[in-house]
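If you want the building blocks of each chain, they are given just below.
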Amino acid sequence: MSDSAEEKTLPATEKRKREARERGQLPRSRELSTAVVMGAGAALMIGFGNTLGSRALSFMQNALRFDAARLDDPSRLPAAIGEAMLAGLLMVAPIMFATFFAALVAPMLIGGWNLSSKALQPDFSRLNPITGLGRMFSTNSLVELAKSIAKFLIVGLIAGISWWGSRGELLGLGVEPSTQAIGHGVGLVASTFVWMCAALGLIAFIDVPWQLWSYAKQLKMSRQEIKQEYKQSEGSPEVKGRIRRLQAELSQRRMMEKVSSADVIVTNPTHYAVALKYTAGKNRAPVVVAKGVDTVAAAIRERAAEHRIPLVEAPPLARALYRGCDLDEEIPARLYAAVAQVLTYVFQLRAWRGGERPTIPKVGDVPGGEPDPAPPAA
(Lines give C-alpha, C1' and ligand atoms only; values in the text may rest on other atoms or scores of the structure.)
Protein backbone atom coordinates (compact mmCIF):
# COMPACT_ATOMS: atom_id res chain seq x y z
CA MET A 1 0.00 0.00 0.00
CA SER A 2 1.42 3.39 -0.98
CA ASP A 3 1.97 6.08 1.62
CA SER A 4 -0.58 8.85 1.65
CA ALA A 5 -0.41 12.36 3.09
CA GLU A 6 -2.13 11.20 6.27
CA GLU A 7 0.62 8.63 6.83
CA LYS A 8 3.43 11.17 7.26
CA THR A 9 4.42 10.03 10.71
CA LEU A 10 8.24 10.03 10.46
CA PRO A 11 10.29 13.03 11.61
CA ALA A 12 11.80 15.24 8.93
CA THR A 13 15.32 14.56 7.74
CA GLU A 14 18.06 17.17 7.88
CA LYS A 15 17.72 17.70 4.13
CA ARG A 16 14.00 18.38 4.48
CA LYS A 17 14.66 20.88 7.30
CA ARG A 18 17.37 22.58 5.26
CA GLU A 19 15.07 22.94 2.24
CA ALA A 20 12.30 24.34 4.46
CA ARG A 21 14.73 26.89 5.86
CA GLU A 22 15.75 27.91 2.33
CA ARG A 23 12.08 28.54 1.57
CA GLY A 24 11.82 30.73 4.66
CA GLN A 25 9.72 28.18 6.53
CA LEU A 26 10.74 28.37 10.18
CA PRO A 27 9.00 28.05 13.54
CA ARG A 28 7.87 31.49 14.64
CA SER A 29 5.88 32.79 17.60
CA ARG A 30 4.33 36.23 17.23
CA GLU A 31 3.36 36.10 20.89
CA LEU A 32 6.99 35.68 21.91
CA SER A 33 8.10 38.56 19.67
CA THR A 34 5.35 40.81 21.04
CA ALA A 35 6.25 39.96 24.63
CA VAL A 36 9.96 40.67 24.02
CA VAL A 37 9.28 44.01 22.30
CA MET A 38 6.84 45.15 24.96
CA GLY A 39 9.20 43.96 27.69
CA ALA A 40 11.99 46.08 26.21
CA GLY A 41 9.66 49.11 26.15
CA ALA A 42 8.58 48.51 29.74
CA ALA A 43 12.19 48.15 30.92
CA LEU A 44 13.11 51.42 29.21
CA MET A 45 10.16 53.25 30.74
CA ILE A 46 11.03 51.95 34.21
CA GLY A 47 14.72 52.84 33.88
CA PHE A 48 14.41 56.17 32.09
CA GLY A 49 10.81 57.17 32.78
CA ASN A 50 11.66 60.40 34.57
CA THR A 51 14.12 61.42 31.86
CA LEU A 52 11.59 60.73 29.12
CA GLY A 53 8.94 62.66 31.05
CA SER A 54 11.21 65.67 31.44
CA ARG A 55 12.06 65.62 27.73
CA ALA A 56 8.36 65.38 26.85
CA LEU A 57 7.55 68.35 29.11
CA SER A 58 10.36 70.41 27.61
CA PHE A 59 9.24 69.49 24.09
CA MET A 60 5.64 70.56 24.80
CA GLN A 61 6.76 73.85 26.39
CA ASN A 62 8.98 74.73 23.46
CA ALA A 63 6.34 73.73 20.92
CA LEU A 64 3.61 75.80 22.59
CA ARG A 65 5.78 78.83 23.30
CA PHE A 66 4.69 81.78 21.18
CA ASP A 67 7.44 83.65 19.32
CA ALA A 68 6.20 86.91 17.85
CA ALA A 69 9.30 87.27 15.68
CA ARG A 70 8.16 84.34 13.52
CA LEU A 71 5.04 86.30 12.55
CA ASP A 72 7.21 89.03 11.02
CA ASP A 73 9.36 86.54 9.11
CA PRO A 74 7.28 83.57 7.80
CA SER A 75 10.42 82.04 6.23
CA ARG A 76 11.52 80.99 9.73
CA LEU A 77 8.51 78.70 10.17
CA PRO A 78 9.93 75.71 8.18
CA ALA A 79 13.09 75.84 10.30
CA ALA A 80 11.02 75.94 13.48
CA ILE A 81 8.97 72.96 12.31
CA GLY A 82 12.16 71.05 11.48
CA GLU A 83 13.59 71.77 14.92
CA ALA A 84 10.38 70.56 16.57
CA MET A 85 10.40 67.34 14.51
CA LEU A 86 14.06 66.70 15.33
CA ALA A 87 13.41 67.29 19.04
CA GLY A 88 10.46 64.88 18.94
CA LEU A 89 12.54 62.28 17.10
CA LEU A 90 15.36 62.56 19.65
CA MET A 91 12.81 62.20 22.45
CA VAL A 92 11.39 58.91 21.15
CA ALA A 93 14.74 57.63 19.73
CA PRO A 94 15.61 55.53 22.83
CA ILE A 95 12.22 53.78 22.69
CA MET A 96 12.54 53.18 18.94
CA PHE A 97 16.07 51.82 19.32
CA ALA A 98 15.13 49.55 22.23
CA THR A 99 12.08 48.09 20.47
CA PHE A 100 13.98 47.71 17.19
CA PHE A 101 16.78 45.82 18.95
CA ALA A 102 14.22 43.64 20.74
CA ALA A 103 12.52 42.88 17.41
CA LEU A 104 15.88 41.68 16.04
CA VAL A 105 16.66 39.56 19.09
CA ALA A 106 13.21 37.91 19.35
CA PRO A 107 13.63 35.64 16.27
CA MET A 108 16.87 34.25 17.73
CA LEU A 109 14.87 32.72 20.59
CA ILE A 110 12.94 30.42 18.21
CA GLY A 111 14.02 29.55 14.69
CA GLY A 112 16.88 32.04 14.41
CA TRP A 113 17.58 34.55 11.68
CA ASN A 114 17.14 33.44 8.11
CA LEU A 115 17.80 35.33 4.87
CA SER A 116 16.01 33.46 2.09
CA SER A 117 15.74 34.68 -1.50
CA LYS A 118 13.12 32.02 -2.25
CA ALA A 119 10.79 33.54 0.34
CA LEU A 120 10.85 36.81 -1.64
CA GLN A 121 9.87 35.19 -4.93
CA PRO A 122 6.20 35.56 -5.96
CA ASP A 123 4.01 32.56 -5.29
CA PHE A 124 1.00 32.72 -7.62
CA SER A 125 -0.53 29.64 -6.02
CA ARG A 126 -1.53 31.90 -3.13
CA LEU A 127 -3.88 33.74 -5.51
CA ASN A 128 -6.08 30.66 -5.74
CA PRO A 129 -9.31 31.56 -3.83
CA ILE A 130 -10.06 27.91 -3.01
CA THR A 131 -6.64 27.47 -1.47
CA GLY A 132 -7.09 30.74 0.39
CA LEU A 133 -10.40 29.62 1.84
CA GLY A 134 -8.78 26.37 2.88
CA ARG A 135 -6.11 28.29 4.77
CA MET A 136 -8.74 30.56 6.38
CA PHE A 137 -10.68 27.62 7.80
CA SER A 138 -7.70 25.39 8.55
CA THR A 139 -6.86 24.13 12.03
CA ASN A 140 -3.91 26.49 12.23
CA SER A 141 -6.07 29.53 11.38
CA LEU A 142 -8.65 28.58 13.98
CA VAL A 143 -5.92 28.19 16.57
CA GLU A 144 -4.49 31.60 15.64
CA LEU A 145 -7.96 33.16 15.92
CA ALA A 146 -8.50 31.59 19.32
CA LYS A 147 -5.09 32.82 20.46
CA SER A 148 -5.84 36.37 19.28
CA ILE A 149 -9.16 36.45 21.14
CA ALA A 150 -7.58 34.96 24.26
CA LYS A 151 -4.68 37.40 24.07
CA PHE A 152 -7.02 40.37 23.71
CA LEU A 153 -9.16 39.26 26.64
CA ILE A 154 -6.23 38.41 28.93
CA VAL A 155 -4.17 41.51 28.16
CA GLY A 156 -7.22 43.75 28.30
CA LEU A 157 -8.30 42.24 31.61
CA ILE A 158 -4.82 42.66 33.10
CA ALA A 159 -4.59 46.26 31.88
CA GLY A 160 -8.06 47.03 33.22
CA ILE A 161 -7.26 45.56 36.61
CA SER A 162 -4.00 47.51 36.76
CA TRP A 163 -5.63 50.81 35.86
CA TRP A 164 -8.56 50.20 38.21
CA GLY A 165 -6.17 49.56 41.06
CA SER A 166 -4.39 52.84 40.30
CA ARG A 167 -7.52 54.90 39.73
CA GLY A 168 -6.79 57.06 42.78
CA GLU A 169 -3.34 57.94 41.54
CA LEU A 170 -4.68 58.60 38.04
CA LEU A 171 -7.23 61.07 39.40
CA GLY A 172 -4.53 62.71 41.50
CA LEU A 173 -2.35 63.47 38.47
CA GLY A 174 -4.53 66.50 37.69
CA VAL A 175 -3.59 68.34 40.87
CA GLU A 176 0.13 67.55 40.80
CA PRO A 177 2.76 69.90 39.34
CA SER A 178 3.44 69.27 35.64
CA THR A 179 6.94 67.81 36.08
CA GLN A 180 5.86 65.53 38.89
CA ALA A 181 2.63 64.52 37.13
CA ILE A 182 4.44 63.50 33.93
CA GLY A 183 6.99 61.37 35.81
CA HIS A 184 4.24 59.83 37.94
CA GLY A 185 2.14 59.11 34.84
CA VAL A 186 5.05 57.44 33.07
CA GLY A 187 5.57 55.25 36.14
CA LEU A 188 1.91 54.20 36.12
CA VAL A 189 2.12 53.36 32.41
CA ALA A 190 5.32 51.38 32.99
CA SER A 191 3.69 49.45 35.83
CA THR A 192 0.75 48.56 33.59
CA PHE A 193 3.18 47.56 30.84
CA VAL A 194 4.93 45.18 33.21
CA TRP A 195 1.68 43.40 34.02
CA MET A 196 0.76 43.27 30.33
CA CYS A 197 4.20 41.83 29.49
CA ALA A 198 3.71 39.19 32.18
CA ALA A 199 0.40 38.21 30.57
CA LEU A 200 2.02 38.10 27.11
CA GLY A 201 4.90 36.07 28.52
CA LEU A 202 2.42 33.50 29.84
CA ILE A 203 0.75 33.32 26.43
CA ALA A 204 4.18 32.98 24.73
CA PHE A 205 5.11 30.21 27.19
CA ILE A 206 2.14 28.25 25.86
CA ASP A 207 2.50 29.31 22.22
CA VAL A 208 6.19 28.45 21.69
CA PRO A 209 5.79 24.66 22.30
CA TRP A 210 2.70 24.71 20.08
CA GLN A 211 4.60 26.41 17.24
CA LEU A 212 7.49 23.96 17.52
CA TRP A 213 5.10 20.99 17.49
CA SER A 214 3.12 22.43 14.56
CA TYR A 215 6.31 23.09 12.58
CA ALA A 216 7.59 19.55 13.18
CA LYS A 217 4.20 18.16 12.14
CA GLN A 218 4.22 20.14 8.89
CA LEU A 219 7.63 18.73 7.95
CA LYS A 220 6.86 15.09 8.79
CA MET A 221 7.54 12.62 6.01
CA SER A 222 6.24 9.29 4.84
CA ARG A 223 8.45 6.26 4.33
CA GLN A 224 8.15 6.66 0.56
CA GLU A 225 9.36 10.27 0.75
CA ILE A 226 12.36 9.25 2.83
CA LYS A 227 13.22 6.47 0.36
CA GLN A 228 12.87 8.88 -2.55
CA GLU A 229 15.06 11.46 -0.82
CA TYR A 230 17.68 8.80 -0.11
CA LYS A 231 17.71 7.80 -3.78
CA GLN A 232 18.12 11.42 -4.87
CA SER A 233 20.91 12.19 -2.42
CA GLU A 234 22.76 8.88 -2.29
CA GLY A 235 21.80 7.42 -5.65
CA SER A 236 19.67 4.42 -6.56
CA PRO A 237 20.84 1.15 -4.92
CA GLU A 238 20.70 -0.55 -8.34
CA VAL A 239 22.94 2.10 -9.89
CA LYS A 240 25.34 2.03 -6.95
CA GLY A 241 25.49 -1.78 -7.15
CA ARG A 242 26.27 -1.62 -10.86
CA ILE A 243 29.00 0.95 -10.22
CA ARG A 244 30.55 -1.29 -7.56
CA ARG A 245 30.46 -4.24 -9.96
CA LEU A 246 32.12 -2.21 -12.69
CA GLN A 247 34.77 -1.00 -10.27
CA ALA A 248 35.43 -4.57 -9.13
CA GLU A 249 35.69 -5.75 -12.75
CA LEU A 250 38.08 -2.94 -13.62
CA SER A 251 40.21 -3.66 -10.57
CA GLN A 252 40.30 -7.37 -11.42
CA ARG A 253 41.21 -6.58 -15.03
CA ARG A 254 44.14 -4.45 -13.91
CA MET A 255 45.22 -7.18 -11.50
CA MET A 256 45.15 -9.77 -14.27
CA GLU A 257 47.34 -7.57 -16.44
CA LYS A 258 50.00 -7.64 -13.70
CA VAL A 259 50.07 -11.45 -13.69
CA SER A 260 52.14 -11.40 -16.89
CA SER A 261 54.96 -9.60 -15.06
CA ALA A 262 55.01 -11.97 -12.05
CA ASP A 263 57.96 -14.26 -11.26
CA VAL A 264 55.97 -17.16 -9.81
CA ILE A 265 52.41 -18.25 -8.99
CA VAL A 266 51.98 -20.01 -5.64
CA THR A 267 48.91 -22.26 -5.71
CA ASN A 268 46.84 -24.43 -3.37
CA PRO A 269 46.69 -25.95 -6.16
CA THR A 270 43.01 -25.35 -7.05
CA HIS A 271 41.41 -23.00 -4.50
CA TYR A 272 44.14 -20.34 -4.02
CA ALA A 273 46.56 -18.61 -6.39
CA VAL A 274 48.97 -15.80 -5.47
CA ALA A 275 51.29 -14.08 -7.98
CA LEU A 276 54.63 -12.80 -6.63
CA LYS A 277 57.16 -10.45 -8.19
CA TYR A 278 60.59 -9.52 -6.89
CA THR A 279 62.81 -6.76 -8.33
CA ALA A 280 66.29 -6.75 -6.86
CA GLY A 281 67.41 -3.32 -5.76
CA LYS A 282 63.88 -1.92 -5.87
CA ASN A 283 61.95 -4.05 -3.39
CA ARG A 284 63.09 -5.23 0.02
CA ALA A 285 60.89 -8.30 -0.33
CA PRO A 286 58.66 -9.91 -2.99
CA VAL A 287 55.40 -8.09 -3.76
CA VAL A 288 51.95 -9.65 -4.22
CA VAL A 289 50.75 -8.44 -7.64
CA ALA A 290 47.62 -10.65 -7.90
CA LYS A 291 45.67 -13.09 -5.77
CA GLY A 292 42.33 -14.90 -5.83
CA VAL A 293 40.29 -17.94 -4.92
CA ASP A 294 38.29 -20.43 -6.97
CA THR A 295 37.33 -18.82 -10.33
CA VAL A 296 39.75 -15.92 -9.92
CA ALA A 297 42.51 -18.36 -8.99
CA ALA A 298 41.73 -20.37 -12.12
CA ALA A 299 41.95 -17.21 -14.23
CA ILE A 300 45.32 -16.37 -12.69
CA ARG A 301 46.63 -19.85 -13.50
CA GLU A 302 45.38 -19.58 -17.12
CA ARG A 303 47.02 -16.19 -17.49
CA ALA A 304 50.25 -17.57 -16.05
CA ALA A 305 50.19 -20.49 -18.50
CA GLU A 306 49.82 -18.08 -21.44
CA HIS A 307 52.95 -16.21 -20.35
CA ARG A 308 54.87 -19.33 -19.22
CA ILE A 309 55.13 -18.25 -15.59
CA PRO A 310 56.07 -21.10 -13.21
CA LEU A 311 53.39 -22.47 -10.89
CA VAL A 312 54.51 -23.84 -7.54
CA GLU A 313 52.11 -25.90 -5.45
CA ALA A 314 52.53 -24.89 -1.80
CA PRO A 315 49.09 -24.98 -0.12
CA PRO A 316 50.16 -23.62 3.31
CA LEU A 317 52.14 -20.77 1.74
CA ALA A 318 49.38 -19.93 -0.75
CA ARG A 319 46.82 -19.67 2.04
CA ALA A 320 49.16 -17.58 4.20
CA LEU A 321 49.95 -15.18 1.33
CA TYR A 322 46.29 -14.79 0.39
CA ARG A 323 45.16 -14.08 3.96
CA GLY A 324 48.08 -11.99 5.17
CA CYS A 325 48.99 -9.79 2.18
CA ASP A 326 47.18 -7.09 0.24
CA LEU A 327 47.71 -6.34 -3.42
CA ASP A 328 50.88 -4.41 -4.28
CA GLU A 329 52.13 -5.06 -0.74
CA GLU A 330 55.42 -6.68 0.26
CA ILE A 331 55.14 -10.04 2.00
CA PRO A 332 55.58 -10.04 5.82
CA ALA A 333 58.89 -11.05 7.39
CA ARG A 334 57.41 -14.27 8.80
CA LEU A 335 57.03 -15.60 5.23
CA TYR A 336 60.53 -14.66 4.00
CA ALA A 337 62.03 -18.14 4.46
CA ALA A 338 59.21 -20.00 2.68
CA VAL A 339 59.04 -17.54 -0.22
CA ALA A 340 62.84 -17.58 -0.52
CA GLN A 341 62.70 -21.36 -1.19
CA VAL A 342 60.15 -20.81 -3.96
CA LEU A 343 62.04 -17.94 -5.61
CA THR A 344 65.32 -19.88 -5.42
CA TYR A 345 63.66 -22.68 -7.35
CA VAL A 346 62.30 -20.20 -9.94
CA PHE A 347 65.67 -18.52 -10.48
CA GLN A 348 67.37 -21.92 -10.75
CA LEU A 349 64.74 -22.97 -13.27
CA ARG A 350 65.43 -19.89 -15.38
CA ALA A 351 69.14 -20.65 -15.37
CA TRP A 352 68.64 -24.34 -16.16
CA ARG A 353 69.95 -25.30 -19.60
CA GLY A 354 69.90 -29.08 -19.41
CA GLY A 355 71.13 -31.79 -17.15
CA GLU A 356 69.29 -32.37 -13.92
CA ARG A 357 66.14 -30.23 -13.57
CA PRO A 358 65.87 -28.24 -10.28
CA THR A 359 63.77 -29.94 -7.64
CA ILE A 360 60.51 -28.29 -6.66
CA PRO A 361 60.85 -27.24 -3.00
CA LYS A 362 58.67 -28.81 -0.33
CA VAL A 363 57.34 -25.87 1.64
CA GLY A 364 56.23 -26.93 5.09
CA ASP A 365 53.76 -25.32 7.47
CA VAL A 366 53.93 -21.52 7.63
CA PRO A 367 52.17 -19.10 10.01
CA GLY A 368 48.69 -18.29 8.73
CA GLY A 369 48.63 -21.21 6.29
CA GLU A 370 46.21 -23.42 8.18
CA PRO A 371 43.51 -25.10 6.06
CA ASP A 372 40.02 -23.62 6.01
CA PRO A 373 37.72 -25.12 8.67
CA ALA A 374 35.42 -27.84 7.43
CA PRO A 375 31.73 -26.90 7.15
CA PRO A 376 29.53 -28.15 10.02
CA ALA A 377 27.75 -31.42 9.48
CA ALA A 378 24.18 -31.12 8.31
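Bear in mind that the values here come from a model prediction, so they are computed numbers and not experimental data. (Residues numbered from 1 in each chain as written. Predicted model: local features only at pLDDT ≥ 70, side-chain atom pairs only at ≥ 80, totals over all residues. Heavy atoms only, no water.)

Some details on the overall build of the chain
Looking only at helices and strands, the chain features 13 helices and five strands. A burial count over the chain gives 30% of its 378 residues as buried. Relative to all contacts within the chain whose residues are 6 or more apart in sequence, the contacts with residues 24 or more apart total 75%. A total of about 24,700 Å² of accessible surface is found on the chain, and carbon and sulfur atoms cover 63% of it. (Helix = DSSP H or I, 4+ residues; strand = E, 2+ residues; numbered from the N terminus. Buried < 20%, exposed > 50% of the residue type's maximum accessible area, 1.4 Å probe, protein only. Contact = heavy atoms within 4.5 Å. Areas by Shrake-Rupley, 256 points an atom, 1.4 Å probe, with all protein chains shown as cover.)

Some thoughts on a nonpolar patch on the surface
Where nonpolar side chains cluster on the molecular surface, the patch consists of Phe97, Phe100, Phe101, Leu104, Val105, Met108 and Trp113 and spans about 770 Å² of accessible area. Mapped onto the fold, phenylalanine 97 is located in helix 4 (residues 77–105). (Patch = residues over 30% accessible without salt bridge, like charges linked within 9 Å, V, L, I, M, F, W, Y side chains within 5 Å. Salt bridge = Lys/Arg side-chain N within 4 Å of Asp/Glu carboxyl O.)

Things to note about the sheet that holds strand 3 (residues 287–293)
Strand order in the open sheet formed by five strands is 4-1-2-3-5, with mixed pairing between adjacent strands. Of all the strands in the sheet, the pair left with one neighbour each is strand 4 (311–313) and strand 5 (329–330). With three bridges joining them, strand 1 (residues 264–267) and strand 4 adopt parallel strand pairing. Counted as the bridge partner of isoleucine 265 is leucine 311 from strand 4. Across the sheet, helix 11 (residues 295–306) is in contact with strand 1, strand 2 (272–277), strand 3 and strand 4; its angle to strand 3 comes to roughly 125°. Lying over the sheet, helix 12 (residues 315–324) contacts strand 1, strand 2, strand 3, strand 4 and strand 5, oriented at roughly 75° with respect to strand 2. (Pairing = 2+ DSSP bridges. Axes fitted to C-alpha atoms, helices over the stretch in contact; angles between N-to-C directions.)

What to know about the pairing of strand 2
Taken residue by residue, a regular strand's side chains alternate between the two faces of the sheet. Judged by how many residues are buried, strand 2 sits mostly within the fold: five of six residues are covered. In this structure, strand 1 lies alongside strand 2, joined through four bridges in antiparallel fashion. Looking at strand 2, one finds that valine 264 is bridged to leucine 276. With antiparallel pairing between neighbouring strands as the criterion, strand 1 and strand 2 make up a hairpin whose turn holds four residues. As judged from the six bridges shared by strand 2 and strand 3, these two strands associate in the antiparallel manner. Within strand 3, the position partnered with leucine 276 by the bridge is valine 288.

Comments concerning unusual backbone geometry
Unusually for a residue other than glycine, aspartate 294 sits at a positive phi of about 55°. Tracing the chain through its elements places aspartate 294 in the loop between strand 3 and helix 11. Given the relative accessible area of 44%, aspartate 294 is considered partly exposed. Backbone geometry places arginine 308, a non-glycine residue, at a positive phi of 55°. Looking at where arginine 308 falls in the secondary structure, it is placed in the loop between helix 11 and strand 4.

Concerning the nonpolar core
Side chains that are nonpolar tend, in soluble globular proteins, to be buried together. If you look at the biggest cluster of nonpolar residues, it comprises 23 residues, and the most contacted ones within it are Val264, Val266, Leu276, Leu317, Leu321, Ile331 and Val339. Counting residues per element, the ones that place at least two in this core are strand 1, strand 2, helix 12 and helix 13 (336–351). The element contributing the most residues to this core is helix 13, with seven residues. (Core = buried A, V, L, I, M, F, W, Y, C linked by side-chain atoms within 4.5 Å.)

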